[in-house]
Amino acid sequence: MASTILPLELIDRCIGSPIWVVLKNDREFTGTLMGFDDYVNMVLKNVKEYEVTPRGIVETELGQTLVNGNNIAMLIPGGKGPKA
């Protein structure tokens, strides 16, 4: 029988690892997950932001970033972003 894992447990296992965060708008982030709270607000370091525009994907280097959990549509543990 398969073991059950809760969503917050999976995110907790990702602390210190790369993660790809897809937001509800046209933005995506990749970085190392440093921490999160019960609302899935996340602190990432070594962040790259990807914005989808009519001209293509615009990439911006950011430092440490706080991502509001209300805006997150999908999390991809170990993900390298849309350009990988």
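These figures come from a predicted structure and were not determined experimentally.

## Things to note about the overall build of the protein
For step 1, the next point in the chain: When its secondary structure is counted, the protein shows one helix and six strands.
For step 2, the next point in the chain: Taken against the 2.2 N^0.38 rule, which gives 12 Å for 84 residues, the C-alpha radius of gyration of the protein at 13 Å falls within 12% of a compact globule.
For step 3, the next point in the chain: Structurally, the protein occupies a C-alpha span of about 45 × 25 × 25 Å along its principal axes.
For step 4, the next point in the chain: Counting every position in the protein, which comprises 84 residues, the buried fraction comes to 32%.
For step 5, the next point in the chain: Within the protein, contacts between residues at least 6 apart in sequence are counted, and of these 45% link residues at least 24 apart.
For step 6, the next point in the chain: Total accessible area on the protein stands at roughly 5,600 Å², and carbon and sulfur atoms take up 53% of it.
For step 7, the next point in the chain: Charged side chains in the protein number 8 positive and 10 negative. The centres of these two groups are separated by 6 Å.

## Notes on the pairing of strand β4 (residues 56–61)
For step 1, the next point in the chain: Judged from the six bridges that link them, strand β3 (residues 42–53) and β4 form a sheet pairing that is antiparallel. What sits directly across from Lys48, in β4, is Glu61.
For step 2, the next point in the chain: The turn linking β3 back onto β4 is made up of two residues.

## Points about the pattern of salt bridges
When their charged atoms lie close together, side chains carrying opposite charge are able to pair.
For step 1, the next point in the chain: Applying the stated rule across the entire model yields four salt bridges.
For step 2, the next point in the chain: Glu59 is the partner of Lys48 in a salt bridge, and the nearest nitrogen-oxygen pair spans 3.6 Å. Residue Lys48 is located in strand β3, and its partner Glu59 is located in strand β4; the two are separated by eleven residues in the primary sequence.
For step 3, the next point in the chain: The exposure class of Glu59 is partly exposed, given its relative accessible area of 33%.
For step 4, the next point in the chain: With a shortest N-O distance of 3.9 Å, Lys48 and Glu61 are connected by a salt bridge.

## Details of the side chain of Glu49
For step 1, the next point in the chain: Turning to its location among the elements, Glu49 is positioned in strand β3.
For step 2, the next point in the chain: For Glu49, a relative accessible area of 11% puts it in the buried group.
For step 3, the next point in the chain: If near-sequence neighbours (up to four positions away) are discounted, Glu49 is found in contact with Arg27, Glu28, Phe29, Val58, Glu59, Thr60 and Leu62.

## Thoughts on the nonpolar core
For step 1, the next point in the chain: Membership of the largest hydrophobic core comes to 13 residues, with the highest contact counts inside it found for Val21, Phe29, Leu33, Met42, Leu44, Val67 and Ile72.
For step 2, the next point in the chain: Mapped onto this core, the elements with two or more residues apiece are β1 (18–23), β2 (27–36) and β3.
For step 3, the next point in the chain: Those residues in contact with Leu44, other than ones at most four positions away along the chain, are Ile19, Val21, Phe29, Thr32, Leu33, Met34, Gly63, Gln64, Thr65 and Val67.

## A look at the environment of Val40
For step 1, the next point in the chain: Note that Val40 resides in the loop between β2 and β3.
For step 2, the next point in the chain: According to the relative accessible area criterion, Val40 is buried, its value standing at 18%.
For step 3, the next point in the chain: Between the alpha carbons of Val40 and Asn70 there is a distance of 7.9 Å; along the sequence they are 30 residues apart.

Rules behind the numbers
Residue positions within a chain follow its written sequence, with the count starting from 1. Note on the predicted model: pLDDT of at least 70 is required for a residue's local features to be given, and 80 or more for side-chain atom pairs to be given and counted; whole-chain, interface and lining totals, by contrast, use all residues. Derived side-chain values reflect all non-hydrogen atoms in the structure, with water molecules and hydrogen atoms excluded from consideration. A run of DSSP states H or I qualifies as a helix once it reaches four residues; a run of E qualifies as a strand once it reaches two. Both are numbered from the N-terminal end. The globule rule is 2.2 Å times the number of residues to the power 0.38, and the radius of gyration it is compared with is taken over C-alpha atoms. The classification of residues rests on relative accessible area computed with a 1.4 Å probe and restricted to protein chains. Under 20% of the type maximum is buried, over 50% is exposed, and intermediate values are partly exposed. Note on definitions: a residue-residue contact is assigned when non-hydrogen atoms from the two residues lie within 4.5 Å. Using a 1.4 Å probe, the Shrake-Rupley method yields the accessible areas, and only the shown protein chains count as cover for residues. Positive charges are assigned to Lys and Arg, negative charges to Asp and Glu, while His and the chain termini are left out of the count. Charge positions come from single atoms, namely NZ of Lys, CZ of Arg, CG of Asp or CD of Glu. Paired strands, as defined in this entry, are two strands with at least two bridges between them according to DSSP. Definition used for salt bridges: Asp or Glu carboxyl oxygen within 4 Å of a side-chain nitrogen of Lys or Arg. To form a nonpolar core, buried Ala, Val, Leu, Ile, Met, Phe, Trp, Tyr and Cys residues must be joined to one another through side-chain atoms within 4.5 Å.

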